[in-house]
Amino acid sequence: MASKQQGPTAAGAGATGAAAAGRAPLRPANRGAANPSAAAAPSAAATTKPSAATTTTTTTTKKETTTTTTNAKVWTLDDFDVGRPLGRGKFGAVYLARERSSGYVVALKVLHKQQLAASRVEHQLRREVEIQSHLRHPNILRLFGYFHDRERVFLILEYAAKGELYKELQRSGRFSEPKAATHVAALAGALAYCHAKHVFHRDIKPENLLVGLGGQVKIADFGWSVHAPSGRRRTLCGTLDYLPPEMVEGREHGPGVDVWGLGVLAYEFLFGGPPFEAAGHQETYRRIVRVDLQFPEAPAVSSGARDFVRAMLKRDPASRLSLDAVCEHPWIVANADAAVLLHAQQQAAGRRAAAAAAQTQTQQQQAAGGAP
Ligand code: AK3
């Protein structure tokens, strides 16, 4: 399949507060982005720009095919050449596909409505579409849009050419420190970006990570654990392995959850398995709440790496390294890919500047308000 790296027309689903039309499982929202390629599509090769259409109004066609959005391109299965399967999950499979008019290669995730309804997850899917379609970050898998027919819902996703990260981790056993640090820096940047948009608790276990053509890690977790392959340890309620003490104990939790999760992931990259792994749920639970963190003798991992993991896996969420501080940690600085590191640091600096400006403004307003 030739791969023209260009976004398809409908980028993102609309997230206006409009009510879902009729019996449609999803609100029609093929709201074309003005420039779908500008935001994400990393290694742009071709320049064929698919016609971008924009609109706000949505209308539903009665026929089975799809819903219509006025003045916007509405996708149907006929718009795609569907190729080989890339993966399989509980609700359906994901296929390599090519948008016919632009040649743009995507991943097409097929979900069966009956199963979605039986599991009562339509609401969750709608939320996934709304959240993910608004995120534009090189390390977050793009969701360009969706459409549906009578039986199925199709998600049009960015294609991650190097596939699933957990398979690579399984193959190699563990990652080198430069590779681990690079992925961690990239993920910290992506999570900090999400936090700035008040999107929290991204579930960043290896099963939810994909790898782009250039080796960039991409978060693709927005479908819960349901699309995760069944090869790995997993119970009905999912694994506890990546959850912090405050969550497994059912206490209040916030952004620190993602820092913990990233710390667990860093450990897994370095050692090949998660830190609190145990025979049963109960024992994992015990190890997490005690923060029973142990570093095996082998493989030998640098003291800097161990220091980094310790700084992430603090029992007290407030004591953990902040996501923006991750790209300043000496181990990350010494090991992460320079371009990835620079990007993360620049994004962090931008957020700090914005926060400082906002604070200055607040102070000025308070000063002005306080004056007679
Ligand atoms: C290369 N693979 C939501 C629900 C139920 C791109 C599912 C490659 C791939 C690729 C989802 C998803 C996904 C991204 C990755 C798809 F209703 N977003 S799956 C394997 N190899 N390139 N994508 N795979 C519901 F509960 F919410 C079932 C979802 N959502 O699956 N979202």
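Thresholds, definitions, all that
- Residues numbered from 1 in each chain as written.
- Predicted model: local features only at pLDDT ≥ 70, side-chain atom pairs only at ≥ 80, totals over all residues.
- Helix = DSSP H or I, 4+ residues; strand = E, 2+ residues; numbered from the N terminus.
- Buried ≥ 20, exposed ≤ 12 C-beta atoms within 10 Å, placed from the backbone.
- Contact = placed C-beta atoms within 7 Å.
- Core = buried A, V, L, I, M, F, W, Y, C linked by C-beta atoms within 7 Å.
- Domains from an automatic or database assignment.
- Axes fitted to C-alpha atoms, helices over the stretch in contact; angles between N-to-C directions.
- Parallel < 35°, antiparallel > 145°, perpendicular 65-115°, else oblique.
- Left-handed = near helix turned anticlockwise from the far one by under 90°.
- Nonpolar A, V, L, I, M, F, W, Y, C, P; charged D, E, K, R; others polar.
- Expected span 1.5 Å × (residues − 1).
- Pairing = 2+ DSSP bridges.

Peer 1: For this particular structure, what's the right way to read the overall build of the protein chain?
Peer 2: Along its length, the protein chain carries 12 helices and 9 strands. Within the protein chain, the fraction of its 372 residues that count as buried is 41%. Across the protein chain, the fraction of contacts at a sequence separation of at least 24, relative to all contacts at a separation of at least 6, is 65%.

Peer 1: Hey, could you run me through the nonpolar core in this one?
Peer 2: Here is a general trend for soluble globular proteins: nonpolar side chains tend to be buried in one another's company. If you look at the biggest cluster of nonpolar residues, it comprises 81 residues, and the most contacted ones within it are Ala185, Ala188 and Ala266. When residues of this core are sorted by domain, at least three fall in each of domain 1 (17-28 + 36-157) and domain 2 (165-351).

Peer 1: Explain the packing of helix 5 (residues 177-196) against helix 7 (residues 256-271) to me, please; I cannot follow it from the model alone.
Peer 2: Two quantities define a packed helix pair, namely the angle between the axes and the distance from one axis to the other. The contact between helix 5 and helix 7 brings their axes to 10 Å, and the two run at 165°. If you check the angle between helix 5 and helix 7, you find them roughly antiparallel. For the element pair helix 5 and helix 7, the recorded crossing hand is right-handed. Between helix 5 and helix 7, the contacting residues are Ala180, His183, Val184, Leu187, Ala188 and Leu191 on the first element and Asp258, Leu262, Ala266, Phe269 and Leu270 on the second. Its residues placed into classes, the contact of helix 5 with helix 7 shows 9 nonpolar, 1 polar and 1 charged.

Peer 1: Is there a simple way to explain the packing of helix 7 against helix 9 (residues 303-312) in this structure?
Peer 2: Look at helix 7 against helix 9: their axes get within 8 Å of each other, and the N-to-C directions meet at 155°. Relative to helix 9, the element helix 7 lies roughly antiparallel. As helix 7 packs across helix 9, the resulting crossing turns out to be left-handed. Here Val259, Trp260, Leu262, Gly263, Ala266, Tyr267 and Leu270 of helix 7 come into contact with helix 9, specifically with Ala305, Phe308, Val309 and Met312. Its residues assigned to classes, the contact of helix 7 with helix 9 comprises 10 nonpolar, 1 polar and no charged.

Peer 1: What is the right way to read helix 7 from this model?
Peer 2: Since the α-helix turns once every 3.6 residues, residues separated by three or four places project in the same direction. Here helix 7 is 16 residues long and its end C-alpha atoms lie 23 Å apart, about the 22 Å a rise of 1.5 Å per residue gives. A large share of helix 7 lies buried, amounting to 16 of its 16 residues. Just downstream of helix 7, glycine 272 is the residue with a positive phi angle, here 95°.

Peer 1: Honestly, the sheet that holds strand 5 (residues 105-112) in this entry has me stumped. Any pointers?
Peer 2: Here 5 strands make up an open sheet; going across it, the order is 3-4-5-7-6 and the pairing antiparallel. In this open sheet, the two edge strands, each paired with only one partner strand, are strand 3 (80-89) and strand 6 (143-148). Within this sheet the neighbouring strands show an average axis-to-axis angle of 25°, counted without direction. Taken together, the 5 bridges between strand 4 (residues 92-99) and strand 5 define a ladder with antiparallel strand orientation. The residue bridging tyrosine 95 from the neighbouring strand is leucine 108, located in strand 5.

Peer 1: What is the right way to read the environment of leucine 116 from this model?
Peer 2: Topologically, leucine 116 is positioned in helix 2 (residues 113-118). Exposure remark for leucine 116: the 21 C-beta atoms within 10 Å place this residue in the buried category. When the C-alpha positions of leucine 116 and lysine 90 are compared, they lie 9.8 Å apart, and in sequence the two are 26 residues distant.

Peer 1: Please clarify how helix 5 should be interpreted in this entry.
Peer 2: Here helix 5 contains 20 residues, and its C-alpha end-to-end distance of 28 Å stays within 8% of the 28 Å for a straight helix at 1.5 Å per residue. The buried count for helix 5 comes to 16 of 20 residues, which makes it a mostly enclosed element. Positive phi shows up at histidine 198, right after helix 5, with a value of about 60°.

Peer 1: Honestly, the pairing of strand 7 (residues 152-158) in this entry has me stumped. Any pointers?
Peer 2: A regular strand places its side chains so that they alternate between the two faces of the sheet. Burial runs high along strand 7: 6 of the 7 residues are buried. Bridge count for strand 5 against strand 7 is 7 bridges, and the pairing is antiparallel. Counterpart to valine 110 in the pairing with strand 7 is phenylalanine 154. Both strand 6 and strand 7 contribute to a ladder of 5 bridges, which runs antiparallel. Of the residues in strand 7, the one forming a bridge with leucine 143 is leucine 157. Hairpin connection of strand 6 to strand 7: 3 residues between the antiparallel strands.

Peer 1: Honestly, the environment of lysine 90 in this entry has me stumped. Any pointers?
Peer 2: Its place among the elements puts lysine 90 in the loop between strand 3 and strand 4. The partly exposed category is assigned to lysine 90, around which 16 C-beta atoms lie within 10 Å.

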